[in-house]
Structures are given as structure tokens and as C-alpha cells.
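# Structural overview for review
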Amino acid sequence: MLNDFYKQFKSGTDIRGVASESVKGQNVNLTDDVVAAMADGFVLWLSDKVGKKPSELKISVGRDSRISGPHLMDITSKRFENCGAQVICCGLASTPSMFMTTVDLGCDGALQLTASHHPFNRNGLKFFTREGGLEGSDIEKILQYAQDDMHPEVCEGGKITETDYMSQYAQRLCDKIKKEVNADDYDHPLKGFKIAVDAGNGAGGFYADKVLKVLGADTSGSRYLEPDGTFPNHIPNPEDATAMASICEAVKESGSDLGVIFDTDVDRGGAVDSKGNEINRNRLVAVAAAIALEGNDGGTIVTDSITSSGLKDFIENTLGGKHYRYRRGYKNVIDKAVELNAKGINCPLAIETSGHAAMRENYFLDDGAYLCTKIIIKAAQLRKQGKELDELTAALKEPVESREIRFKITEKDFRACGERIIDELTKYAQAKDGWQVADDNREGIRVSFNKENGDGWFLLRLSVHDPIMPLNIESDSKGGVDIIYGKLYEFLKTTSGLELK
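Predicted model only: the values in this text are computed from it and were never measured. (Residues numbered from 1 in each chain as written. Predicted model: local features only at pLDDT ≥ 70, side-chain atom pairs only at ≥ 80, totals over all residues. Heavy atoms only, no water.)

Within this model, the second largest pocket holds a volume of roughly 390 Å³. Forming the walls of the second largest pocket are 23 residues, and the residues nearest its centre are Glu131, Gly132, Gly133, Lys331 and Asp335. Where the lining of the second largest pocket is concerned, the elements lending two or more residues are α2 (32-50), β6 (122-129), β7 (132-133), α11 (330-342) and β17 (365-366). Here the lining of the second largest pocket gets 5 residues from one element, more than from any other, and that element is α11. Classifying every residue of the lining of the second largest pocket by side-chain character gives 10 nonpolar, 4 polar and 9 charged. (1 Å grid on protein atoms, 1.4 Å probe; cavity = no way out; pocket = protein on both sides within 12 Å on 5 of 7 lines; lining within 4 Å. Points joined across faces, edges and corners; volume = space filled by probe spheres on them. Helix = DSSP H or I, 4+ residues; strand = E, 2+ residues; numbered from the N terminus. Nonpolar A, V, L, I, M, F, W, Y, C, P; charged D, E, K, R; others polar.)

Moving on: the packing of aromatic side chains. Enumeration over the complete set of coordinates arrives at 18 aromatic pairs. Ring centres of Tyr207 and Phe262 lie 5.4 Å apart, and the angle between their planes is 80°; this geometry places the pair in the edge-to-face category. With a gap of 55 residues between them, Tyr207 in helix α7 (residues 206-212) and Phe262 in strand β10 (residues 258-262) connect regions that are remote in the sequence. Joined through ring pairs, the aromatic side chains of Tyr428, Trp435, Phe449, Phe458 and Phe491 make up one cluster. Above the face of the Phe193 ring, Arg383 is positioned so that its terminal group lies 3.8 Å from the ring centre. The side chain of Arg446 reaches across the aromatic face of Trp457, ending 3.7 Å from its centre. (Phe/Tyr/Trp six-rings, centres within 6.5 Å; stacked < 30°, edge-to-face > 60°. Lys NZ or Arg CZ within 6 Å of the ring centre and 35° of its normal.)

The next thing to look at is the pairing of strand β3 (residues 58-63). Most of β3 is tucked away: 5 of the 6 residues are buried. A crossover connection joins β3 to the parallel strand β4 (residues 86-92) through helix α3 (residues 69-82); in handedness this β-α-β unit is right-handed. (Buried < 20%, exposed > 50% of the residue type's maximum accessible area, 1.4 Å probe, protein only. Right-handed = clockwise from strand over helix to strand, strands pointing away.)

The 6 strands lie next to each other as β19-β20-β21-β22-β18-β23, forming an open sheet whose pairing is antiparallel. The two strands at the open ends of the sheet, each matched to only one other strand, are β19 (436-437) and β23 (498-499). Here strand β18 (residues 401-409) pairs with β23 via 2 bridges, running antiparallel. Within β23, the residue paired with Lys408 across the bridge is Glu499. Each of β18, β20 (445-449), β21 (456-460), β22 (468-475) and β23 is contacted by helix α14 (residues 480-492), which is oriented at about 140° to β22, the strand it contacts most. (Pairing = 2+ DSSP bridges. Contact = heavy atoms within 4.5 Å. Axes fitted to C-alpha atoms, helices over the stretch in contact; angles between N-to-C directions.)

So, about the packing of α2 against helix α5 (residues 136-147). The contact between α2 and α5 brings their axes to 8 Å, and the two run at 120°. One way to sum up the angle between α2 and α5 is to call them oblique. Regarding α2 and α5, the two cross each other, and that crossing is right-handed. Listed contacts from α5 to Ala37, Met38, Gly41, Phe42, Leu44 and Trp45 of α2 are Asp138, Lys141, Ile142, Leu143, Tyr145 and Ala146. Residue composition of the contact of α2 with α5, by class: 9 nonpolar, 1 polar and 2 charged. (Parallel < 35°, antiparallel > 145°, perpendicular 65-115°, else oblique. Left-handed = near helix turned anticlockwise from the far one by under 90°.)

Across 8 bridges, β18 lies against β22 in antiparallel orientation. Residue pairing in the sheet places Ser402 in a bridge with Glu474 of β22.

Packed helices, taken two at a time, are described by their axes: the angle between them and the distance between them. Closest axis-to-axis distance for the helix α13 (residues 414-430)/α14 pair is 11 Å, and the angle between their directions is 120°. Judged by the sense of rotation from one axis to the other, the crossing of α13 with α14 is right-handed. Counted together, Ile421, Glu424, Leu425 and Tyr428 of α13 and Leu488, Glu490 and Phe491 of α14 form the full contact between these two elements.

Attention now goes to the side chain of Thr373. Here Thr373 is to be found in helix α12 (residues 368-384). Under the relative-accessibility criterion, Thr373 is labelled buried at 0%. In this structure the side chain of Thr373 is engaged in a polar contact, spanning 2.8 Å, whose partner is the side chain of Tyr207. A distance of 2.7 Å separates the side chain of Thr373 from the backbone oxygen of Ala369, its partner in a polar contact. (Polar contact = N/O pair within 3.5 Å; in protein donor to acceptor, adjacent residues only side chain to side chain.)

Attention now moves to the sheet that holds strand β14 (residues 322-325). Paired through backbone hydrogen bonds, the strands of a sheet run either parallel or antiparallel to each other. Overall, mixed pairing links the 5 strands, which are arranged β14-β13-β15-β16-β17 in an open sheet. Across the chains shown, the open sheet's two edge strands, defined by having one partner strand only, are β14 and β17. Bridge count for strand β13 (residues 300-303) against β14 is 4 bridges, and the pairing is parallel. Across the sheet, the residue bridging to Ile301 is His323, located in β14. Contacting β13 and β14, helix α10 (residues 309-318) runs over the sheet at an angle of about 145° to β14.

Time to look at the state of the cysteines. Counting across every chain of the model gives 0 disulfides. In this model Cys107 remains outside any disulfide bridge; the closest cysteine sulfur is found in Cys90, 6.9 Å from its own. Note on Cys107: relative accessible area 3%, which makes it buried. With no disulfide of its own, Cys174 lies 14 Å from the sulfur of Cys372, the closest cysteine sulfur. (Disulfide = S-S within 2.5 Å.)

Core analysis: the biggest nonpolar cluster contains 69 residues, and Leu190, Phe206, Tyr207, Val211, Leu212 and Ile375 have the highest contact counts within it. With near-sequence residues (within four places) excluded, Leu212 lies in contact with Leu190, Ile195, Val197, Tyr207, Ala217, Thr219 and Ile376. Counting 36 residues, the second-largest nonpolar core is a separate cluster that includes Phe9, Met38, Cys89 and Leu113. (Core = buried A, V, L, I, M, F, W, Y, C linked by side-chain atoms within 4.5 Å.)

Moving on to empty space enclosed by the protein. Applying the stated criterion across every chain, the model contains 1 cavity of 30 Å³ or more. Approximately 30 Å³ is the volume found for the largest cavity. Lining the largest cavity are Ala357, Ala358, Met359, Asn362, Leu365, Asp367, Tyr370 and Leu371. Mapped onto the lining of the largest cavity, the elements with two or more residues apiece are β16 (357-359) and α12. Tallying contributions element by element places β16 first for the lining of the largest cavity, with 3 residues. Here the lining of the largest cavity is composed, by residue class, of 6 nonpolar, 1 polar and 1 charged.

Once that is clear, we can look at the environment of Lys49. Looking at the element boundaries, Lys49 is found in helix α2. Given the relative accessible area of 39%, Lys49 is considered partly exposed. Linking Lys49 and Gly109, residues 60 residues apart in sequence, is a C-alpha distance of 9.8 Å.

Right under this line is the structure:
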């Protein structure tokens, strides 16, 4: 069992911690010795997973633009080399590209050094095999090896080789756009398009230079393409309001036809249409679903739990698909889609409103660059027909109002407390007239109300990792959110364990 020290590093299916002395009061816990122990733990885990000796392994290593990245890459690469493994150093790379090294380069495992959109002083370790990202239980085993001071034997013959894999990965995206757009000028299918990219100084700047420009697009409206691990302009996060305002502004100022934005390590993406309107959250899911359901009539789209009622109606009644609401957490959504396909259910897409989108055609890999590539392909195809991208989701009904409130759980056993509150609220809601408890909800409790009682819904759930209960409310009428919250508050003030706002 993990002790408190090693338990702090487990963040779902990743390892994360403080990697640089840059913020007062946040001491480095991803020290050299700790990172080395984690790297050795991965070697032991991977050796057992693939049935090879550590000295027979081939492992790739990449990093995002964080200031601690080069140092951590040096530590982990040398630990892999120390056990006799063949190490492929990819330098600055996107997280999805590191998975693809298991496909294109035959790597047994891959390590990406990233902490996604978290502050610049943090970093982490994200692992892949050819089967995809690791599960939380796998991370625990790796940390347990580190905690127990277990290491692979030192072995001669290890070698570190530097490889520009990102160019190969980018070429894959270029080839896909060429083939699916099939323009008269085959090698320049984006000629005449003006596309702005906001990489937020993360690892996504390659998309403008190695994909869009190569294919003929004008990317002069782009911003923050240069990697800078202090993230001086804005948080690289498509969910962040400042980040989205930046790409919207870039599109409007430059007169671009489209804008795309990535998080730090490019496993998430978002977009902006020619009018400067966000293609994000529910609208991003709608666009991705419309694309994924082409050739997959009646297919199932798996999303997280906080998607809107309008999105469900769009997927099922406009697109003719099926909507499967599941739990928050991109790995939860992906795993459910894989499970449904294994049962013979046609499920081409798993997507979370955060921007994590994984398509079956792309190994169910959550890849922001691949998602944006599919959107750009669709925009080019629509232009041939004299149409704009926003016409694809014209029938999507979006809420008039929405709000998220995050309640802090005050009890030590926060999971038990949250589950008790959800159970109590379920019984309360079932007994109330006009409260319609959703029968297709698979996380927390979701309740809908008619027009006279708020014209919308709320979802109260337990956070995946933290002592928090997020509450999401949407309404199709002005003032409806306050009405719904008022009804729910009558219950909340009778329960215990929450810090109410």
C-alpha cells in the first residue's frame, strides 16, 4: 500500500508533482532521486507487462515545454539506459505523438513528461504501451516499486538515440488532410485558407509550421507558437476563458477562416469559426460527433456527464446517433467506448467536454491535433460545397444560462460523504413533484425541470480526485439557473459535510 509521500503523486492515470522551485510555499517533491525511482518502477512494470527483460525493452521519451522538462528527460533517459534498454529521445513532443511511437517506432513503452494545463512549476510522468495509456492501478504499481526501493539490474548495452519523431508525426497528419480533402492541388489542400493557431507556448506550435503551412494555409494570425515553459501569455488550456478569448481575438483580428487552440501537451484541442465563435465544450462535442457519425449511421457517442440536454437532442434527433452519458475523466470515457465496441456496439467517438476527444479510427487516442485536423478537413470539404463550418451544428440548441459551483467537502472521508449526499438527494428528488431524475445518468444525480420550474437541469457529482462536489446547472430560460439552484438549496441546507456558497 502506498504511503502518504508516494500517494501524493498519483493523479488519476498520471503521476504529477512539483518539479521546480518557482512558487513560494510549493517545495519540489519530484526530486532527482524520486523521478529516478519512478523511471525504474516503470521499467519493472513494463518488463512484466510485455514479457521482456529490461535489457530487451525499447522505450521512447518526450516532454512538453515546461522549464523542468529537459532535466527530467535527462534523468529518466539515463535510468532507462542504465538497465540496458534502447531509449528513443524525442525532445519537445506532444503527448499523443509519444503513444504513436509505439505504433510507428515499435517502442514497447513510452514516457511523456507533462503536467497538462497545470501551473508551470509542476510536471509529471505519463506512460503508454501499444494498448494505450495506463490505468490508475498500473500507476499505483509503478509508485509501489519506487516506494519499495526496487530497481532493475544494471546492464550494459543500453543506448540513447535522439530522434525527430514530431516531423514524422506531423507528416502523418499532412497525408491525412491531403487524402481526405482531395483537392485539385493535392499537395496544397489548404491553399486559400487562413488558419490561426494558439499554442499557448506549449508543444503545439509544430501544427502551424509542420502541418498547416506545408499544406498551403496562411497562418500569419497565429499566436504563442514558440515553446516557453513559463507560459507568459496565458494558461495553455482550451477550457480557460482567457485562453479561448485569445484565439477568438486572433481569428477576428487576422480575418482567419478558422482558429485552433491546444493545451500544453496537445492531447486536447478547441477551435473557433470564422465569425469568432467558440467551437468548445458542447459545440466541440457536436462537431466531433457529426464528423464521427459519417459512415457510422446510428453509432453511439460516449461523453462525460455534464453535457447539455441540447447536445443529446442534436446527437440523437439531428444526427441519428445515440448518446451515452458517462462519468467525468477522459480515461473513463475512452475505456467505456472501448468496452462498448468490444460488445459489438458501434461507437466511433469518446469525448469529454474538456476537449479530450478520442476516435476509434485513431486508436482511441485523445489527440487534440488529430481532432483539429478532422475539423479542418471537414471545413475544407464544406467549402467545396459553398458551406461554412458553423452550418454543421446549426441545429444544436445551446442553453441560455449555465453555471458551475464547486462545493468543498468538509469531512475527512470525502468520498463517503459525497456518496451519502448523492444518495440522500436522490431519495429527496424522487419524492418531489416536478423533479425528473434522469434514467440515463451514470455519475452523481441529474435532475430536469419543466419550463415553469426553471426550464433546465442540474447535475451534482463527486469530483474524480478531489474533496469537491461540482454542481452544474443549465437553463433554456433567462433566470432559470437561479430558480433551479433555489430549489436545490432547500435540500443542501438540510444536509451536512458541504461548505455552502
